[in-house]
Structures are given as C-alpha cells and as structure tokens.
Amino acid sequence: MALSDDRAMMRTKLGTWGAWIGALTAVPAALGRPTAQRVEAAGFPTLWYPEGMGVRESFSNAAVLLGATDEILIASGIANVWARDAIAAASASRTLNDSFGGRFLLGLGVSHPPQVDPRGSTYLKPVAKMREYLTQLNASDFSTPDPTADPVEPVQTIIAALRPAMLEVARDLSLGAHPYLVPVEHTRRAREVMGADPILAVEHKVVIAADPDEARERARGAIGWYLGIENYKRNLLWLGYTEDDIANGGSDRLIDDLVAHGDPETVVAKLRGHLEAGADHVCIQPLGDEADPTGIGQLEQLAPLL
C-alpha cells in the first residue's frame, strides 16, 4: 500500500479531535483505565499519552489503555527513541496492533537531554538520530511461523517535529508530524514545509476557567519546564517570539497562544484555528488540577461542541 493510502486511512482513524492526557504517564492503572473509558464514552476517536522519565513505560502503558477500551485509537505521544532500539519498537507496535485490532499508533520522538542523558545515552544530532531510527524501523521484518498468516503490514509511525529539518523527516519517513506546545502559526508553517499529504496532528493545551489570570497561572505552572528546554525555546524564537516572551514563565501573549482558555465555546474557537491553518487532527490536552488530575472533566465539557 502506498504511503499516501496509509495516511488517508490513518486520518479516518484519528478523526478531527483527539484527547491528549499528560497525567497518563504517571497515574496508576486504577485511574488510567477509567480515564481512557471516559475519553471513549465522550466520543473522542483517539487518545494520546506521553512517556516520561522513570514513570510508566510507553508500550506496556499502551496495553493497559487498549485493554480498558473497545474502539478508540491509542497513540503514543511520544515514545522516546533513546529508550529502545528501532527493532524493539517495531515489534512492540506490531504486537499491540495484532492483540488489539489495529488500534495502536506509534508516535516517536527524540525527547530532550534531561530525559535522555540519565539513560546513559548522549543527546546528539537529533534529526540524524530520528532519520536513522525510522530507516531501521521501516526496514524491519516481523516473521511468523504460521505460513497461512496474513502478511504483516508495515509499522505506521508519526513523529514529534517542530523545526523544518525534523518536519522534513516526518514528511519523508513517516505518516506525518505530531507537534507539541505550538501556536497556530506553527501549524501554518509546518503545513508549508510538509505539503498537503502528510498528517499534521497538533497538540494544544486548554484550561476551562472564567478568570484569565487564574487560567494563565495554571498554564505557566504546566509549561514552565518546557520553556527552559532548548528545543522549545528555539522553536518559539523561530516563530517570532522574543526572549522576553519566553522568560519568567512566559508573557501573557505567549501563554494565550499556547494554552486556550476561557469558557468551552471560546476554547473550541481557538482550537479550530489549527484546523483552519492546515492541521488534520487537534489533540486537546486539558491541564488538570487537584480535583481532576487527568483533566477528563474539561474534555467532557468540550466534547459536545466539537
């Protein structure tokens, strides 16, 4: 099957809107399972989850979420390429898809030095690393002793990409790109770099709150770590933000561009900007609080408006 056909099929599976829940990399399965079930009940066709450092491993976590749900696509956003070799990732992805009816999408990313160096690796040449990794993964074979078994389809991947060089890797070697922590302007630029065919599945954070100061405070608490990471800083500077915008937890302008906040209608209107700019799929990440650590309650408020 041609790559363009694979992309068309995956667009249908993904749907227009997805749920992206950061807490699923840390909460116990006893909370993760019912959260995934509520995402499915709310009508989201796709659930994205991250892979942190020293918490829940990506592929085993996917099995927990797949086992708790019936129909939705479960997508890693992202599995760290430094955590396992390409052949292991390909085999794990095929095992999950074989076991759960083709409901797993392998999202991959190069992560960041604070999450790579403690593993004993050295974070160098991330674009070259991803290109080599995908080349090996795409060439991998998955044999079976059963001669009557159907041929195994290639592993389908989507990769975390921000700047043009990585977006080109996404275009050339995967289904497309999964940008994280980006404003609508990034979506416009990413579509220009990749062209019309690759999938563009954009993550965007939300806070449903009437008070903009309260919403911005929660947003700064959630994204402060990222603003200290060089990959994200360079991307934001490329998009036209200044050092002052990035400093001290982020300017109001930056926060408002990266985290949609307000009532549900206002939030959805902001998210639709990504679709108008060329995104195929918007992954909505609610910023949870003490009362609702996964943010699933906010997703349930948004779902009827999508």
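Report follows, based on the coordinates. Everything numeric in this text was worked out from a predicted model, so none of it was measured.

Concerning the packing of aromatic side chains
If you walk through the whole model with that rule in mind, you get 6 aromatic pairs. On the numbers, 6.2 Å between centres and 55° between planes, the contact of Tyr 180 with Tyr 232 is tilted. One end of the pair, Tyr 180, is in the loop between β7 (176–177) and α8 (184–194); the other, Tyr 232, is in helix α10 (residues 230–238), and 52 residues separate them in sequence. Both residues of the pair, Tyr 180 and Tyr 232, count as buried. Here Tyr 226 and Tyr 232 contribute two aromatic rings whose centre-to-centre distance is 5.4 Å and whose plane-to-plane angle is 90°, an arrangement assigned as edge-to-face. Taken individually, Tyr 226 and Tyr 232 each receive the classification buried, so the pair is uniform in this respect. Grouped by ring-pair contacts, the aromatic residues Trp 20, Tyr 180, Trp 225, Tyr 226 and Tyr 232 constitute a single cluster. The ring of Tyr 226 has Lys 205 lying over it, and the distance from NZ or CZ to the ring centre is 5.5 Å.

Details of the packing of helix α4 (residues 86–99) against helix α6 (residues 126–138)
Contact geometry of α4 with α6 gives a least axis separation of 8 Å together with a crossing angle of 50°. Taken as axis vectors, α4 and α6 run oblique relative to one another. Seen from above, α4 lies across α6 with right-handed handedness. Side by side, α4 and α6 meet where Ala 86, Ile 87, Ala 89 and Ala 90 of the first sit next to Tyr 133, Gln 136 and Leu 137 of the second. Considered class by class, the residues forming the contact of α4 with α6 number 6 nonpolar, 1 polar and no charged.

Notes on unusual backbone geometry
The peptide bond linking Gly 77 to Ile 78 adopts the cis configuration, its omega dihedral lying at 10°. Looking at the element boundaries, Ile 78 is found in the loop between β3 (73–76) and β4 (79–80). In this structure, Leu 181 is a non-glycine residue whose phi angle is positive, near 60°. Along the chain, the position of Leu 181 falls in the loop between β7 and α8. The phi torsion at Asn 248 lies on the positive side, around 55°, for a residue other than glycine. Among the structural elements, Asn 248 can be located in the loop between α11 (243–246) and α12 (252–258). The exposed category is assigned to Asn 248, whose relative accessible area is 79%.

Conventions adopted
- Residues numbered from 1 in each chain as written.
- Predicted model: local features only at pLDDT ≥ 70, side-chain atom pairs only at ≥ 80, totals over all residues.
- Heavy atoms only, no water.
- Phe/Tyr/Trp six-rings, centres within 6.5 Å; stacked < 30°, edge-to-face > 60°.
- Helix = DSSP H or I, 4+ residues; strand = E, 2+ residues; numbered from the N terminus.
- Buried < 20%, exposed > 50% of the residue type's maximum accessible area, 1.4 Å probe, protein only.
- Lys NZ or Arg CZ within 6 Å of the ring centre and 35° of its normal.
- Axes fitted to C-alpha atoms, helices over the stretch in contact; angles between N-to-C directions.
- Parallel < 35°, antiparallel > 145°, perpendicular 65-115°, else oblique.
- Left-handed = near helix turned anticlockwise from the far one by under 90°.
- Contact = heavy atoms within 4.5 Å.
- Nonpolar A, V, L, I, M, F, W, Y, C, P; charged D, E, K, R; others polar.

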